[in-house]
Amino acid sequence: MSDNPEYCIECGKPSTTLVMWASLEGPYGMCDFDTWHSVKNRNGLNMGPYSRERFDMITEKKELMRGTLTHQERVEALTELMPTCTEGNE
Ligand SMILES: [Zn+2]
């Protein structure tokens, strides 16, 4: 189950949310509880409601960030991908 984003990487329940890290680890599908835990305790970034399309979009953009941005720039770039900013994304 660990590489299938449809199920929470921590507990195997159906994913509600995508979470990743500024280190470019992820995105992972997670349930509500593990999203909350990851964001609160592990500096995870809530990348919005789980969908295959969003997972693919984030994965694609992540590859473009790899090796080119500082940690802070990655945080800012990932923040821009969060749902309030991406509903109209092209
Ligand atoms: Zn979970």
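Report on the accompanying structure. These numbers come from a predicted model, not from an experiment. (Residues numbered from 1 in each chain as written. Predicted model: local features only at pLDDT ≥ 70, side-chain atom pairs only at ≥ 80, totals over all residues.)

In this section: unusual backbone geometry. Cis rather than trans, the peptide bond between Gly 26 and Pro 27 has omega equal to 0°. Counting through the fold element by element, Pro 27 comes out in the loop between β1 (17–20) and β2 (28–30). Notably, Leu 24 is not glycine yet its phi reads approximately 75°, a positive angle. When you line up the elements, Leu 24 lands in the loop between β1 and β2. Since 16 C-beta atoms lie within 10 Å of it, Leu 24 is described here as partly exposed. Phi at Asn 43 is positive, roughly 60°, even though this residue is not glycine. (Helix = DSSP H or I, 4+ residues; strand = E, 2+ residues; numbered from the N terminus. Buried ≥ 20, exposed ≤ 12 C-beta atoms within 10 Å, placed from the backbone.)

Next up on the list: the sheet that holds β2. Sheet architecture is open: three strands sit in the order β2-β1-β3, paired in antiparallel fashion. Because the sheet does not close on itself, it has two edges, and the strands there are β2 and β3 (45–49). Averaged over all pairs of adjacent strands, the angle between strand axes in this sheet comes to 35°, irrespective of strand direction. Summarising the sheet, β1 and β3 pair through three bridges and their orientation is antiparallel. Paired with Thr 17 across the strands is Pro 49, a residue of β3. Sheet contacts for helix α1 (residues 32–41): β1, β2 and β3; angle to β1, the most-contacted strand, approximately 25°. (Pairing = 2+ DSSP bridges. Axes fitted to C-alpha atoms, helices over the stretch in contact; angles between N-to-C directions. Contact = placed C-beta atoms within 7 Å.)

Moving on: the pairing of β1. Side-chain positions along a regular strand alternate between the two faces of the sheet. Side chains of β1 alternate between two faces, with Thr 17 and Val 19 and Leu 18 and Met 20 buried alike. Where β1 meets β2, three bridges bridge the pair, whose relative direction is antiparallel. Residue pairing in the sheet places Thr 17 in a bridge with Met 30 of β2.

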